[in-house]
Amino acid sequence: MLDRAPRANIEITPSLLFTGDVAGKAEEAMRTYTSLFPAAAIADLHRYGPDENDREGNVKYARFALAGQSFSAMDSSMPHGFAFNEAFSFQVLCDSQYEVDHYWEGLGAGGDATAQQCGWLKDRFGLSWQIVPAVLPKLLSGPDREGAERVMDALLKMKKFDIAALEAAHAGRASS
């Protein structure tokens, strides 16, 4: 039992294990992600050497940041049976249609086109992302429940979100 409370500024870092079909792709994924996001960089990159527990050159451990959020990454050629799936995703809140388009196109390039629905996509490394307009929570909440229902009906028919169409649905107008 702790004799005092945990510190308030503790950091939680998502850790990504690239295994199975994407084993050996950790560095490529980090370079892809850091090229798309602001305040992004690879901080540490350590590789397996000869006679270690994985393929020489694979990422043993790496730290990187996207939009100031820390992540870690590793490769593993071992047959773990683990895989990324839609039960866990990263949500990117976008202030404009330009940002929605930028992240949708950049993260979706080479990914599974059949996994694109309602603002969700799966990138070519198997990670799921939600590319969401920052205005969406406002459109779905508040006193105008009919407007919120129209927004929900509209977004369920979209792959990539269209902010103007969502706002038009909320207002009860046809989108142009």
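Higher on the page you've got the structure.
1. Side note on the packing of aromatic side chains
Point 1. Using the criterion set out here, one finds 10 aromatic pairs in the structure.
Point 2. With 6.4 Å between their ring centres and 85° between their planes, Phe18 and Phe125 make a pair best called edge-to-face. Placement of Phe18 in strand β1 (residues 15–18) and of Phe125 in the loop between β6 (120–122) and β7 (128–133) is noted, with a sequence separation of 107 residues between them.
Point 3. Counting every residue linked through ring pairs, the aromatic cluster contains Phe18, Tyr33, Phe37, Phe64, Phe71, Phe84, Phe88, Phe90, Tyr103, Phe125 and Trp129.

2. Let's talk about helix α5 (residues 163–171)
Point 1. Of the positions making up α5, those classed as buried are Ile163, Ala165, Leu166, Ala168, Ala169 and His170.
Point 2. Buried residues along α5 sit against α2 (97–108), β7, α3 (136–140) and α4 (145–155).
Point 3. N-cap assignment for α5: the residue whose side-chain oxygen lies 3.1 Å from the backbone N of Ala164 is Asp162.
Point 4. Within two residues after α5, Gly172 carries a phi angle of roughly 80°, on the positive side.

3. Thoughts on the sheet that holds β7
Consider a sheet: its strands pair through backbone hydrogen bonds, and that pairing is either parallel or antiparallel.
Point 1. One open sheet accounts for three strands, arranged β5-β7-β6; its pairing is mixed. Among the strands making up the open sheet, the edge pair consists of β5 (89–94) and β6. On average, each strand axis in the sheet is inclined to that of its neighbour by 25°, with strand direction left out of account.
Point 2. In terms of strand pairing, β5 meets β7 through six bridges, oriented parallel. Bridged to Phe90 within β7 is Trp129.

4. Quick notes on the sheet that holds strand β2 (residues 41–47)
Point 1. Spatially, β1-β4-β3-β2 is the arrangement adopted by the four strands of the open sheet, whose pairing is mixed. The outermost strands of the open sheet, each flanked by one partner alone, are β1 and β2. Taken pair by pair, the neighbouring strands of this sheet meet at an average axis angle of 15°, ignoring direction.
Point 2. Taken strand by strand, helix α1 (residues 26–36) contacts β1, β2, β3 (59–66) and β4 (69–75), and its axis lies near 10° from that of β3.

5. A short note on the pattern of salt bridges
Point 1. The final tally for this structure, using the stated rule, is nine salt bridges.
Point 2. For Arg47, the salt bridge is made with Glu27, and the minimal N-O distance between the two is 2.7 Å. Placement of the pair is Arg47 in strand β2 and Glu27 in helix α1, with a sequence separation of 20 residues.
Point 3. Classification of Arg47 as partly exposed rests on a relative accessible area of 40%.
Point 4. For the salt bridge of Lys160 with Glu105, the shortest nitrogen-to-oxygen distance reads 3.8 Å. A residue pair is termed long-range when its members are at least 10 positions apart, and Lys160 in the loop between α4 and α5 and Glu105 in helix α2 qualify at 55 residues.
Point 5. When its relative accessible area of 28% is taken as the criterion, Lys160 is described as partly exposed.
Point 6. Ionic contacts of the salt-bridge type, sharing partners, join the residues Lys25, Glu28 and Arg124 into one network.

About the thresholds
- Residues numbered from 1 in each chain as written.
- Predicted model: local features only at pLDDT ≥ 70, side-chain atom pairs only at ≥ 80, totals over all residues.
- Heavy atoms only, no water.
- Phe/Tyr/Trp six-rings, centres within 6.5 Å; stacked < 30°, edge-to-face > 60°.
- Helix = DSSP H or I, 4+ residues; strand = E, 2+ residues; numbered from the N terminus.
- Buried < 20%, exposed > 50% of the residue type's maximum accessible area, 1.4 Å probe, protein only.
- Contact = heavy atoms within 4.5 Å.
- Polar contact = N/O pair within 3.5 Å; in protein donor to acceptor, adjacent residues only side chain to side chain.
- Pairing = 2+ DSSP bridges.
- Axes fitted to C-alpha atoms, helices over the stretch in contact; angles between N-to-C directions.
- Salt bridge = Lys/Arg side-chain N within 4 Å of Asp/Glu carboxyl O.

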